[in-house]
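For reference, the chains in residue letters:
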2 protein chains.
Amino acid sequence: MKIAIIGGTGDQGLGLALRFAKVGEEVIVGSRDLTKAENAVDQMKNLLDDDLPNVTAMTNQDATDNGDIIILTVPLQAQMVTLRSIKDHLNGEIFVDATSPLEGCLGGKPTRYVDLWEGSAAERSAEFLGDQANVVSAFCNISASSLTSINEDVECDCLVSGDDHEANLLVMKLAEKIEGVNAIECGALENARIVEKLTPLLINLNIRNKIKNAGLRITNLN
Amino acid sequence: MKIAIIGGTGDQGLGLALRFAKVGEEVIVGSRDLTKAENAVDQMKNLLDDDLPNVTAMTNQDATDNGDIIILTVPLQAQMVTLRSIKDHLNGEIFVDATSPLEGCLGGKPTRYVDLWEGSAAERSAEFLGDQANVVSAFCNISASSLTSINEDVECDCLVSGDDHEANLLVMKLAEKIEGVNAIECGALENARIVEKLTPLLINLNIRNKIKNAGLRITNLN
């Protein structure tokens, strides 16, 4: 299964790419600019000290064409323009939206959320992409710093929301390939409204505590 | 320090009263109806198998008059009517709002939040009470079931938000008297907008997993 990461050169995308590459998954690092994607793959090779034959650099459009599952990791202000640029390249694939609606993306504070008309960034993707994609919300609470600290376990649960239970299960299985992560199904995509809003709280706790990797765990589930 | 719990006969209020009484704090159980408050105190005596000389039943008004710190634990639909009934009995005390803005309180689903004009239930209290109270948001994520399971540790952090750092610290100290609870300061009262919205997610996870005590822990703070 080829995992295409759209916006794979940002911190969050690169972190996910590293974690999946580390466990031997086939990863496509996508970017608007092929050179940036190639540079990101070189960076990954250095960080993992590995030739990474399973990792490829592509434009976002080629990455979408070639991915079996697509993960969107762009800041909020780039979400719609990126979706427009890849929509015609989608064919109903599982599309994981990791966008957080941070006010910081609009010149405000990263510790505040903004309300989107659709309810959440993931629902915005779902509304815009329609039948072109099977949207699942995941990964938005996991800090880039945790992901890129490649020798440490990620001490954060992955809260997964989506309308298609089978798609949720597949994304959960993928999330749990990241060492330390427990994946927790939260039900329908609308629950992304809550999960995405947790990210600015974690950023707030990062700033208050001078750290970069505040995470969360759900307790008592078993 | 006398802890007055307004709406102390509901599950959440009774749970907090039990936890504070258990560790020897002075607790006032408030209710609209004195008889209900008295019955709740009798229930507490049975559950803790103790005469509880430090626990008193009062009307909400008398509880407010006599409390050094006031904790509001009523469902959303009772919040404003309760605030109106006690406002004149407040004199700038620390006022802990534990209200969650659940859609279930308005005939909808307990797994969804409603948006309040003030941003959060705690900010609604702060706007209405003005100088009469020093509002802190806390306790809204801790399940009543966890609190009333008196022989088990509460596996949930207490996220504390308020504009007065000293008041936050006092509430955090109080919260950590509950066995198992870590208190985490989240900054200004506006952060209750996020923290309160976590409650419907935890209720969702309770329903999905057929449990009653889903909680959350923040990781990597130390």
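Our structure's up above, just so we're on the same page.
Residues numbered from 1 in each chain as written. Chains lettered and ligands numbered in written order. Predicted model: local features only at pLDDT ≥ 70, side-chain atom pairs only at ≥ 80, totals over all residues. Heavy atoms only, no water.

Moving on: the packing of aromatic side chains. Scanning all chains against the criterion turns up two aromatic pairs over all chains. Geometrically, the ring pair formed by F20 of chain A and F139 of chain A is edge-to-face, given 6.2 Å between the ring centres and 75 degrees between the ring planes. Pair noted here: F20 of chain A is in helix α1 (residues 11-22) and F139 of chain A is in the loop between β6 (133-137) and α6 (144-148), with a separation of 119 residues, a long-range link. Exposure class is identical for F20 of chain A and F139 of chain A. Each is buried. Just above the ring of F128 of chain A sits the side chain of K87 of chain A; from NZ or CZ to the centre is 4.6 Å. Positioned above the aromatic ring of Y113 of chain B, the side-chain terminus of K197 of chain B is 5.0 Å from the ring centre. (Phe/Tyr/Trp six-rings, centres within 6.5 Å; stacked < 30°, edge-to-face > 60°. Helix = DSSP H or I, 4+ residues; strand = E, 2+ residues; numbered from the N terminus. Buried < 20%, exposed > 50% of the residue type's maximum accessible area, 1.4 Å probe, protein only. Lys NZ or Arg CZ within 6 Å of the ring centre and 35° of its normal.)

Right, let's talk about the pattern of salt bridges for a bit. Tallying each qualifying case throughout the model produces 18 salt bridges over all chains. With a closest N to O distance of 3.0 Å, E185 of chain A and R208 of chain B form a salt bridge. Of the two residues, E185 of chain A is situated in strand β8 (residues 183-185) and R208 of chain B in helix α8 (residues 192-209); the pairing between them involves two chains. A salt bridge links K177 of chain B to E25 of chain B, with the shortest nitrogen-to-oxygen separation between them at 3.2 Å. (Salt bridge = Lys/Arg side-chain N within 4 Å of Asp/Glu carboxyl O.)

Further remarks concern the relation of the copies chain B and chain A. After a rotation of 180 degrees and a shift along the axis of 0.0 Å, chain B superposes on chain A with an RMSD of 0.0 Å. Taken together, the rotation and translation relating the two chain copies correspond to the operation of a two-fold axis. Across chain B, the rotation axis passes nearest the C-alpha of R217 of chain B, at a separation of 2.5 Å. The share of interface residues of chain B whose copies in chain A are also at the interface is 100%, consistent with both copies meeting through the same surface. (Least-squares fit on C-alpha atoms with pLDDT ≥ 70 in both. Contact = heavy atoms within 4.5 Å.)

Quick look at unusual backbone geometry now. A positive phi angle, close to 55 degrees, is found at K210 of chain A, a residue other than glycine. Structurally, the position occupied by K210 of chain A is in the loop between α8 (192-209) and β9 (215-219). A relative accessible area of 77% means that K210 of chain A is categorised as exposed. One non-glycine residue, D49 of chain B, lies in the positive phi region at around 50 degrees.

Quick look at the pairing of strand β3 (residues 55-59) of chain A now. Residue and element names in this part refer to chain A. For β3, the buried fraction is high: four of the five residues fall into the buried class. By the bridge criterion, five bridges tie strand β2 (residues 26-31) to β3 in an arrangement that is parallel. When the bridges of β3 are listed, S31 appears paired with T59. As for the winding sense of the linkage, the β-α-β connection from β2 through helix α2 (residues 34-48) to β3 is right-handed. (Pairing = 2+ DSSP bridges. Right-handed = clockwise from strand over helix to strand, strands pointing away.)

We now examine the sheet that holds β2 of chain A. All names here are of chain A. Read from one edge to the other, the open sheet built from eight strands follows the order β3-β2-β1-β4-β5-β6-β7-β8, with strand pairing classed as mixed. Taken across any chain shown, the strands that pair with only one partner, and hence form the sheet edges, are β3 and β8. Neighbour-to-neighbour, the strand axes of this sheet turn through a mean angle of 25 degrees, independent of strand direction. As judged from the four bridges shared by strand β4 (residues 69-72) and strand β5 (residues 93-97), these two strands associate in the parallel manner. Bridge pairing in β5 places I69 opposite I94. (Axes fitted to C-alpha atoms, helices over the stretch in contact; angles between N-to-C directions.)

Turning our eyes to something else, we now look at the layout of surface pockets. Gaps left between atoms show up when a probe the size of a water molecule is rolled over them. All names here are of chain A. A volume near 840 Å³ is recorded for the largest pocket. Together, 36 residues line the largest pocket, and D11, Q12, T73, V74 and P75 are the ones closest to its centre. Elements with a minimum of two residues in the lining of the largest pocket: α1, α4 (76-86), α6 and α8. Across the lining of the largest pocket, the residue classes tally to 15 nonpolar, 17 polar and four charged. (1 Å grid on protein atoms, 1.4 Å probe; cavity = no way out; pocket = protein on both sides within 12 Å on 5 of 7 lines; lining within 4 Å. Points joined across faces, edges and corners; volume = space filled by probe spheres on them. Nonpolar A, V, L, I, M, F, W, Y, C, P; charged D, E, K, R; others polar.)

Residues and elements named next belong to chain A. Closest axis-to-axis distance for the α1/α2 pair is 11 Å, and the angle between their directions is 50 degrees. Compared by their axis directions, α1 and α2 come out oblique. Here α1 runs over α2; the crossing is right-handed. Facing α1, whose interface residues are L14, A17, L18, A21 and K22, α2 presents A40, Q43, M44, L47 and L48. Considered class by class, the residues forming the contact of α1 with α2 number eight nonpolar, one polar and one charged. (Parallel < 35°, antiparallel > 145°, perpendicular 65-115°, else oblique. Left-handed = near helix turned anticlockwise from the far one by under 90°.)

Taking burial as the measure, the five residues of strand β9 (residues 215-219) of chain B include five buried ones, the bulk of the element. Residues G215, R217 and T219 of chain B of β9 of chain B are buried on one face, and the alternating residues L216 and I218 of chain B, pointing to the opposite face, are buried as well. The pairing of β9 of chain A with β9 of chain B spans five bridges and is antiparallel. Looking at the pairing, T219 of chain A lines up with G215 of chain B of β9 of chain B.

Relative to the elements of secondary structure, E123 of chain A occurs in helix α5 (residues 121-129). Apart from residues no more than four positions distant in its own chain, E123 of chain A is found in contact with E118, L189, E190 and R193 of chain A.

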